[in-house]
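# Observations on the three-dimensional arrangement
So you can see what is in the structure, the chains are spelled out below.
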Amino acid sequence: MHSQKPLVLVDGSSYLYRAFHALPALTNSRGEPTGAVYGVLNMLRRLIADQDPEQMAVVFDAKGKTFRDELYTEYKAHRPPMPGELKGQVAPLHEAIEAMGLPLLIVEGVEADDVIGTLARRAVAEGFSVLISTGDKDMAQLVNGQVTLVNTMTDTVMDPAGVVEKFGVPPERIVDYLALIGDTVDNVPGVPKVGPKTALKWLEQYGSLDGVMAHAGEIKGKVGENLRESLDHLPLSRQLVTIHCDVPLEFGPGELKRRPADVEQLKAIFSRLEFRSWLGELLQHGEAVPSAAVSEAPAEAPDYQIVATREAFLEWVERLSAADLFAFDTETTSLDYMVAEIVGVSFAVAPNQAAYVPLAHDYAGAPDQLNREWVLAQLQPLLEDPEHRKVGQNLKYDTNVLANHGITLRGVAHDTMLESYVLNSTAVRHDMDTLALKYLGRKTVTFEEVAGKGVKQLTFNQVPVETGAHYAAEDADVALQLHRALWPKLEAEPALEGLYQGLELPLVPVLSRMERHGVLVDVAMLQRQSSELVERMLEIEKQAYEEAGGPFNLGSPKQIQTILFEQLQLPVLKKTPKGQPSTGEEVLQELALEYPLPRLILEHRSLAKLKSTYTDRLPEQVNPRTGRVHTSYHQAVAATGRLSSSDPNLQNIPVRTAEGRRIRQAFVAPPGYRLVAADYSQIELRIMAHLSGDERLLQAFAAGEDIHRATAAEVFGLAPDQVSGEQRRSAKAINFGLIYGMSAFGLAKQLGIDRAAAQGYIDLYFARYPGVRDYMDASRRQARDRGYVETLFGRRLYVPDIRASNMQRRQYAERTAINAPMQGTAADIIKRAMLEVDEWLRTSGVDARMIMQVHDELVFEVGEGAVDTVVANVRELMAGAAELAVPLVVDVGVGENWDEAH
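Residues numbered from 1 in each chain as written. Predicted model: local features only at pLDDT ≥ 70, side-chain atom pairs only at ≥ 80, totals over all residues. Heavy atoms only, no water.

Take the overall build of the protein chain next. Assigned secondary structure in the protein chain consists of 37 helices and 22 strands. Principal axes of the C-alpha set define a box for the protein chain whose edges measure 105 × 80 × 55 Å. Burial analysis of the protein chain (902 residues in total) assigns 51% to the buried set. Contacts in the protein chain between residues far apart in sequence, at least 24 positions, make up 67% of those at least 6 positions apart. Charge centroids of the protein chain, computed over 91 positive and 123 negative side chains, lie 4 Å from each other. (Helix = DSSP H or I, 4+ residues; strand = E, 2+ residues; numbered from the N terminus. Buried < 20%, exposed > 50% of the residue type's maximum accessible area, 1.4 Å probe, protein only. Contact = heavy atoms within 4.5 Å. Lys, Arg positive; Asp, Glu negative; His and termini not counted. Charge placed at Lys NZ, Arg CZ, Asp CG, Glu CD.)

See below:
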């Protein structure tokens, strides 16, 4: 007898199709599909981790015809050809399987099932037990005392008793069962109208397919007729579903040995496909499937010091003072920069050499540490000196935390998060762990690994010094190494280097000052609004119950589905992936045009969201020391260069609804001050005019015309003063819709007209503004040729899906190619304006602060006596932030609160 471990045979073709259809469509940053490869490799890794087999093979169908096609020309005739997105994944999958050290088998003229069946039979004869990993029900016929099936995607295991439990017949009757029911996927003809229940009943009664055929005359009704009409083809069906276990093979089961993985080859494959966590495991462990026994320690330990004495610390201060550039990082008690206190600091001056200075670890039994105030006092001159150049990852956070300790960080020469973001905003997330993997091929220690997860996660002051030191020192070391990897790439692209040095880096201290100053909110007003929202929601609930004929949970998609589509019989516009009627936002909006209940549900949802996100949450976010809310602005999130914000998210407060505007009323000016809001007017349309160079658009903006009225006049062939309100609204929808690459279908939906009429409007628009069509065509072409489009200032916006064979993904990429240069240019312009305005505010000494940035709007807190000065200067500076072929117009408002000023 052979080893206790079974021979593992994997049905690669079965898993390839299942992974492709069952998993989300993943792509790497070059737009290459990778989801099926990921799914199959994930299944193989789990299988190997569970079984640790010594002998194993992965079997795929060969291309071309098999003996079954000769038996029956219609075999698999209804199967569509392999989708292009899947075809391209076969070669990298085969390459990865071989690099994992697994025998890969493809035998011409037969299917994977037959190769597996033959190997299983021979293996049993040679004394092996066999484990077949498959999702194919046909394989149940191979099961016996020595052969077991496992479906690695669902974790189900099937021995002979399991086959009976699942199918109702033993393995030796599976072929008869399959012949009777047929197989629509493979186009195997069974008996019409005979499903599993009937097939099972007949086989129990007559013992076998031959028995059923012999007694066909006894079976009554339509089904009996169908059986008798099928007698001629049933023997063929049996042949088609029978796995052939006597295929001549040039190798035997004993030769299917797992080999050591080719780690370098796998690294290259995982890197190309961008399977980052697996790449991280490889880099850390050097094994394709790490076992629990593998050490967590890196192969080559870097030189990281824990600084615990004054002498050692002062030596490091000298090294930092002498360095041309040093990396710096803080470890703190909180992610909230307004309350975070420093627990320790780390530095690096050369690769793989870094130090951590613990200062405030306060768990029971923590070692003696240097005095925090003394250490920060020694560092202050160095950190505040603009001549001493620093590099770090997301240094805005460290800037804010140092400010809590009275230190103003200057001399930030580089920020690796921003280097990566400007280089390619969409290639990866821009956190340190992801960047280290992509650009250094290095798996870093994560915060969760040192502090734990979830509710049990420790704050850094509770993390043992020894554990925390490596993590903290590595942060500084990796920041330095990342800069060395990224900076040459940026230097090679002058436009990108200019954006990074001239726009993104200088914006860091501006945003830091805005964050720390914060915004005053009227908590009592928000609490009143919460109560009023509750009252309104109760009214809506009452109306909804009347429409539905009884109470139900307005927050339950399942109950909504039952009421809308079963009780009220509303039309089903869209289904979920599981085939249920969808109750998503888009569906409800369409239904709401005709039916009251969906409209009430939508209104209830929007009010509930306002309540939970703003009127309830904002009072909780007020800092007790300042009495203000302090958002975090993110420079490296939105692909187009726009800023985003969180805790609270200021970008998403709705401005078009009365309730949303009321929330803005709670953002107030303190006594003696006013809020001033300055907003670029129709900036993206103006950028469209500039980029497209369309003569009519340029003329309309130059003449200061109402652009929507002017467009309506052009499209409908009227004088501007003849344009109705409805026509202006249509023109506005066309103007903004085309910026976002809207189709005739989308425009028809928005205007409530038919598709032909919407297409007519678009055709008329392009006939009057041909430059716009030329710009759109050129944007798509550039995206296809280069893989990216650019803003006016050279910011690159990569669109990897522009060459995708999936039409939806490709169309979305084309819309992005049209819109991204406009949205990105608008983002660049307001950032330029912020730098200019901030410089003026600080040098003029005027009593005003910039406190918010939301999309195309800047908000200021201004002393009552300085309002006129600020309005005039801000308008001029914002209008002059870019030279376009059309004027930049800035609308400015003043008020006691944000809504009044808007």
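This next bit is on the environment of V534. Considering the arrangement of structural elements, one finds V534 in helix α22 (residues 523–548). Spatially, the C-alpha atom of V534 lies 28 Å from that of V854, the residues being 320 residues apart in sequence.

The next thing to look at is unusual backbone geometry. Geometrically, the link from D647 to P648 is a cis peptide bond, its omega value of 0° lying close to zero. Topologically, P648 is positioned in the loop between β16 (644–646) and α27 (658–665). Of note in the backbone geometry, D52 takes a positive phi value of approximately 45° without being a glycine. Here D52 lies in the loop between α2 (35–51) and β2 (56–60). Taking relative accessible area as the criterion, D52 reaches 40% and is therefore assigned partly exposed. Its identity is not glycine, yet H855 carries a phi of approximately 55°, on the positive side. Along the chain, H855 turns up in the loop between β20 (848–854) and β21 (857–863). Accessibility expressed as a relative area gives 31% for H855, which makes it partly exposed.

On to the pattern of salt bridges, then. Taken as a whole and judged by the stated rule, the model has 44 salt bridges. Among the ionic pairs, R768 bridges to E714, the shortest N-O distance being 2.9 Å. Here the residue R768 occupies a position in helix α33 (residues 755–768), and E714 occupies one in helix α30 (residues 707–716), the gap between them amounting to 54 residues. Judged by its relative accessible area of 28%, R768 is partly exposed. E714 sits in the partly exposed class, given a relative accessible area of 22%. For D838, the salt bridge goes to R842, with nearest N and O atoms at 3.0 Å. (Salt bridge = Lys/Arg side-chain N within 4 Å of Asp/Glu carboxyl O.)

Next up on the list: the sheet that holds strand β9 (residues 342–350). Taken together, six strands build an open sheet; the order of strands is β7-β10-β9-β8-β11-β12 and the sheet is mixed. At either end of the open sheet lies a strand with only one pairing partner, and these are β7 (303–306) and β12 (412–415). On average, adjacent strands in this sheet sit at an angle of 25° to one another, irrespective of strand direction. Looking at chain direction, strand β11 (residues 389–392) and β12 are connected through three bridges and run parallel. Bridging from a neighbouring strand, K390 pairs with V412 of β12. Helix α15 (residues 372–384) contacts β8 (325–332), β9 and β11 of the sheet and is inclined by roughly 45° relative to β9. Taken strand by strand, helix α20 (residues 465–491) contacts β7, β8, β9, β10 (353–358), β11 and β12, and its axis lies near 45° from that of β9. (Pairing = 2+ DSSP bridges. Axes fitted to C-alpha atoms, helices over the stretch in contact; angles between N-to-C directions.)

So, about the packing of aromatic side chains. In total, this model carries 20 aromatic pairs according to the counting rule given. Where F275 meets W278, the ring centres are 5.3 Å apart and the plane angle is 75°; that geometry is what we call edge-to-face. Take W278: its relative accessible area is 5%, and that puts it in the buried class. Seen from their ring centres, Y788 and Y798 are 5.3 Å apart, and the 55° between their planes marks the pair as tilted. You can see Y788 sitting in strand β18 (residues 788–790) and its partner Y798 sitting in strand β19 (residues 796–798), a full 10 residues away along the chain. Connected via pairs of aromatic rings, a cluster forms that spans Y38, F270, F275 and W278. The ring of F167 carries K166 above its face, with NZ or CZ at 5.7 Å from the centroid. When the ring centre of W374 is taken as origin, the NZ or CZ atom of R310, which lies over that ring, is 4.0 Å away. (Phe/Tyr/Trp six-rings, centres within 6.5 Å; stacked < 30°, edge-to-face > 60°. Lys NZ or Arg CZ within 6 Å of the ring centre and 35° of its normal.)

A word on the side chain of T711. Assignment of secondary structure puts T711 in helix α30. Classification of T711 by relative accessible area gives buried; the value is 0%. Leave out the neighbours within four places in its chain, and T711 touches A731, N735, Y765 and Y769.

Attention shifts here to the pairing of strand β17 (residues 673–680). Pairing of β17 with β21, which is carried by seven bridges, proceeds in the antiparallel orientation. Within the sheet, the bridge partner assigned to R674 lies in β21 and is V862. Taken together, the six bridges between β17 and strand β22 (residues 890–895) define a ladder with antiparallel strand orientation. By the bridge assignment, L675 is partnered in β22 with G895.

With that settled, consider the confidence of the model for the protein chain. On average, residues of the protein chain score 90 in pLDDT, and 95% of them reach the 70 mark or higher. With pLDDT under 50 throughout, residues 290–299 is counted as low confidence; its partners more than four residues away or in other chains account for eight contacts. (pLDDT = per-residue confidence, 0-100.)

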